[in-house]
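# What the coordinates show
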Amino acid sequence: MCGMTGFWQRHGGAQDALLAQARAMSARLSHRGPDDSGEWCDEAVGVALAQRRLSILDLSPAGHQPMHSADGRYVIVFNGEIYNHLALRERLRAEHVAPPWRGHADTETLLACFAAWGVERTMQASVGMFAFALWDRQQRTLTLSRDRMGEKPLYYGWQGDTLLFGSELKALKAHAAFRADIDRGALALLLRHDCVPAPHAIYRGVAKLRPGHLLRISADTPREAQPVPYWRYNDAVSAGLREPLIATDAAATDALEAQLGASVDAQMLSDVPLGAFLSGGIDSSTIVALMQARSARPVKTFTIGFDENGYDEAVHAKAVARHLGTEHTELYVRPEDALAVIPRLPGIFCEPFGDSSQIPTFLISQLTRRAVTVALSGDGGDELFGGYNRYLGARTTWEKAQRLPPPARRAAAAALHAVAPATWDRWFQRIGPLLPKRWQLATPGDKAQKLADVLTLSSGQAYFLNLASQWQDPARVVLGAQEPPTLLTMPDAWPPTDNLAQWMMAMDAQTYLPDDILVKVDRAAMANSLETRVPMLDHRVVELAWRLPLQQKIRHGQGKWLLRQVLYRHVPKELIERPKMGFGIPLDSWLRGPLRDWAEALLDENRLRHEGYFQPDAIRQKWTEHLSGRRNWQHQLWTVLMFQAWLEQERRASA
């Protein structure tokens, strides 16, 4: 895992100046790679590459970057891991095109594959997570590429006649040509989604490369270049639905366990200490169980807990760890520990980011890094195997609601809104033990408000967009904003699925997963110089998941059915079966308590008017309602607060 960056200034430049600028950019990424750094330039064309290295494979100088191919044609800066790179070396050897190897770094393997097969064929053959910049000295072309599922980030953009690129915006901003002009359309997207989805970025003139895409820029027509896909998620969906896996439940469980096990096995390759996050939920427990089955020593596992009811999963993680025999570390976090992270968030996330689970994600990464350098996680299980409650709602709540006449739905929505979320929570706490398991909900008050919001919608796609939105009409809140289109609003880009639940899963995997979940994990972990790996996002697991019939994912009102069957081969069902909790903090009460003064300062009406980004009345109304307890606007307010805190830091940095 590393941080990479660079630029291409069309007018060329002196070597010392190019290297100094590249060095300044990579210095902003030192947290991503504290072990080594390097720069390279071609002064004749004005290209410079720089890298910060976190040494994982081949700790020797043979892994140093920027790295040159054996034939001298290519120069690369690379961030990530190629899990099948040893197999690729065998293929090169079998084809008699392997170069004399200098070391055993996967970056060297990639360069040899580029030289033998070209970029596209190499991408098709590679299994891994990555973002890289590759300079072809022969063709005078720059190629930027990102892994299939979007685990690793890559920003790029033209600033004047200079192309900038890098793992984080911090690096781009260190270049003298960078202009920090905030894109108000991107700000509107932030309010809707808690994040700025690709290809957009918070600054004008900057974009994120989409997952599974590459961008090749030539010296002849640099600005005309457009990203092209080398792998499409929608193609995986279509192929899976076209050729489903027809198998018994037992055979399907065997197939899934074998593929997941192969992915875990490949991702346990490391020259430094390795462990795993363990929440005690289905996804992380499955990954840890498969890791332990492949390890002669106890796997190192890590979890954090909170004393607040409804937010603590540490007790469940401990029980799973004890059963599997892992070397388990847990840390109970005090509110003041979590609150102390908040001032650091604008620096950790290079553009404003509003998912409040960023706080516990940072804390678990911090804890884990004390013992290991690499951690596997269970992310991706919900999107691939039908784990989110909204997928169940697509088959129950949404379909049943549509049977009611519109006046009845409007009346039901008004009744749900009339009861404060805290009241719903108290009622469910009292009667919870009497309810069926599928009605034993975490945060029922929030879910009641969301149900009220969707009862009056007209289509399944509108239902999903509503669930995926924090602010329902953010362009009316952000002054001067016109909300850009995204995958969720572009029907031509939608996956061809059989029903609404499948469509939602496919859309989440291409939006919420790469733009929110993977961004959160990457930034929080890399702020602690920790590499994270996600076995479920091996594209072969993804492709198998889409061959599985929906009834093997969602059955009897329960999501992730087949994944559970894999887990139950290793962990007793009674240690796992409980309501889905998520990975959150008691943000609603914190905003009314210890965070109130901090939030009030950032949401001050005069301040909002002076800064000129938000319509103050809309913000203040939600703040007032939240403080009174009538509504829980924690998520909407948190996104605004994260932008305000980020903006404050930006201004301090430029002062």
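Each remark here, short or long, concerns the structure printed above.
In short, a report on the structure. (Residues numbered from 1 in each chain as written. Predicted model: local features only at pLDDT ≥ 70, side-chain atom pairs only at ≥ 80, totals over all residues. Heavy atoms only, no water.)

With that settled, the discussion passes to the state of the cysteines. Within this structure, the stated rule accounts for zero disulfides. No disulfide involves Cys113; its sulfur sits 18 Å from the nearest other cysteine sulfur, which is in Cys2. This cysteine, Cys195, is not joined by any disulfide, and Cys350 carries the nearest cysteine sulfur, 13 Å off. (Disulfide = S-S within 2.5 Å.)

Within strand E6 (residues 128-136), nine of the nine residues are buried, which leaves it mostly tucked inside the rest of the structure. Of the two faces of E6, both are covered, the one formed by Gly128, Phe130, Phe132, Leu134 and Asp136 as well as the one formed by Met129, Ala131, Ala133 and Trp135. Relative to E6, strand E5 (residues 74-82) runs antiparallel, the two being bridged by nine bridges. Paired with Phe78 across the strands is Phe132, a residue of E6. Sheet topology places E6 next to strand E7 (residues 141-146); six bridges connect them, and they run antiparallel. In the strand pairing of E7, Phe132 is matched with Ser145. (Buried < 20%, exposed > 50% of the residue type's maximum accessible area, 1.4 Å probe, protein only. Helix = DSSP H or I, 4+ residues; strand = E, 2+ residues; numbered from the N terminus. Pairing = 2+ DSSP bridges.)

Bringing the side chain of Gln159 into the picture now. By the element assignment, Gln159 lies in strand E8 (residues 155-159). Given a relative accessible area of 8%, Gln159 falls into the buried group. Within polar-contact distance, the side chain of Gln159 engages the backbone nitrogen of Arg179 at 2.7 Å. In this structure, Gln159 is in contact with Leu164, Ala177, Phe178, Arg179, Arg204, Gly205 and Val206, ignoring residues within four places of it in sequence. (Polar contact = N/O pair within 3.5 Å; in protein donor to acceptor, adjacent residues only side chain to side chain. Contact = heavy atoms within 4.5 Å.)

With that out of the way, let us pick up the environment of Pro199. With respect to the helices, strands and loops of the structure, Pro199 is situated in the loop between helix H6 (184-193) and strand E10 (207-208). Overall, Pro199 belongs to the partly exposed group, its relative accessible area being 26%. Residues Pro199 and Trp398 lie 199 residues apart in sequence; the distance between their C-alpha atoms is 30 Å. Leave out the neighbours within four places in its chain, and Pro199 touches Val206, Ala207, Lys208 and Arg210.

What follows covers the sheet that holds strand E13 (residues 274-277). Strand pairing in a sheet is mediated by backbone hydrogen bonds. Such pairs are either parallel or antiparallel. Strand order in the open sheet made by the five strands is E15-E14-E13-E16-E17, with parallel pairing throughout. The outermost strands of the open sheet, each flanked by one partner alone, are strand E15 (327-333) and strand E17 (531-533). Within the sheet, the average angular offset between the axes of one strand and its neighbour, ignoring direction, is 30°. The pairing of strand E14 (residues 300-306) with E15 spans seven bridges and is classified as parallel. What sits directly across from Phe302, in E15, is Thr329. (Axes fitted to C-alpha atoms, helices over the stretch in contact; angles between N-to-C directions.)

To continue, consider the nonpolar core. Ile76, Phe114, Tyr233, Leu384, Phe385, Tyr463 and Met504 are the most contacted members of the largest nonpolar core, which totals 95 residues. Setting aside chain neighbours within four positions, we find Phe385 in contact with Leu256, Met505, Met536, Val541, Ala545, Leu548, Lys553, Gly559, Lys560 and Leu563. Of all hydrophobic cores here, the second largest spans 80 residues; its members include Leu363, Ile364, Val372 and Leu591. (Core = buried A, V, L, I, M, F, W, Y, C linked by side-chain atoms within 4.5 Å.)

This part is about helix H20 (residues 460-467). Every buried residue of H20 is accounted for by Gly460, Tyr463, Phe464, Asn466 and Leu467. Summarising the axial view, the buried residues of H20 lie within an arc of 160°, below the 170-degree limit, and thus occupy one face. Packed against the buried residues of H20 are helix H15 (389-395), helix H16 (397-401), helix H19 (444-454) and helix H21 (500-510). (Arc of directions from axis to C-beta.)

Look at the link from Gln65 to Pro66: it is a cis peptide, with omega at 0°. Along the chain, Pro66 falls in the loop between strand E3 (47-53) and strand E4 (67-68). Cis geometry is found at the peptide bond from Ala198 to Pro199, where omega equals 10°. Phi at His96 takes a positive value of approximately 60°, unusual for a residue other than glycine. Locating His96 in the fold gives a position in the loop between helix H2 (85-94) and helix H3 (106-117). For Ser529, which is not glycine, the phi dihedral falls at a positive 55°. Its place among the elements puts Ser529 in the loop between helix H22 (512-526) and E17.

Evaluation of the coordinates by the stated rule reveals 17 aromatic pairs. A centroid spacing of 5.5 Å and a plane angle of 50° characterise the contact between Phe114 and Phe132, whose relative ring orientation is tilted. Residue Phe114 is located in helix H3, and its partner Phe132 is located in strand E6; the two are separated by 18 residues in the primary sequence. The same class applies to Phe114 as to Phe132, namely buried. Three or more aromatic residues joined by ring pairs make a cluster, and in this case those are Phe178, Tyr203, Tyr613, Phe614, Phe643 and Trp646. For Arg555, the ring lying beneath its charged end belongs to Trp561, and the centroid distance is 3.8 Å. (Phe/Tyr/Trp six-rings, centres within 6.5 Å; stacked < 30°, edge-to-face > 60°. Lys NZ or Arg CZ within 6 Å of the ring centre and 35° of its normal.)

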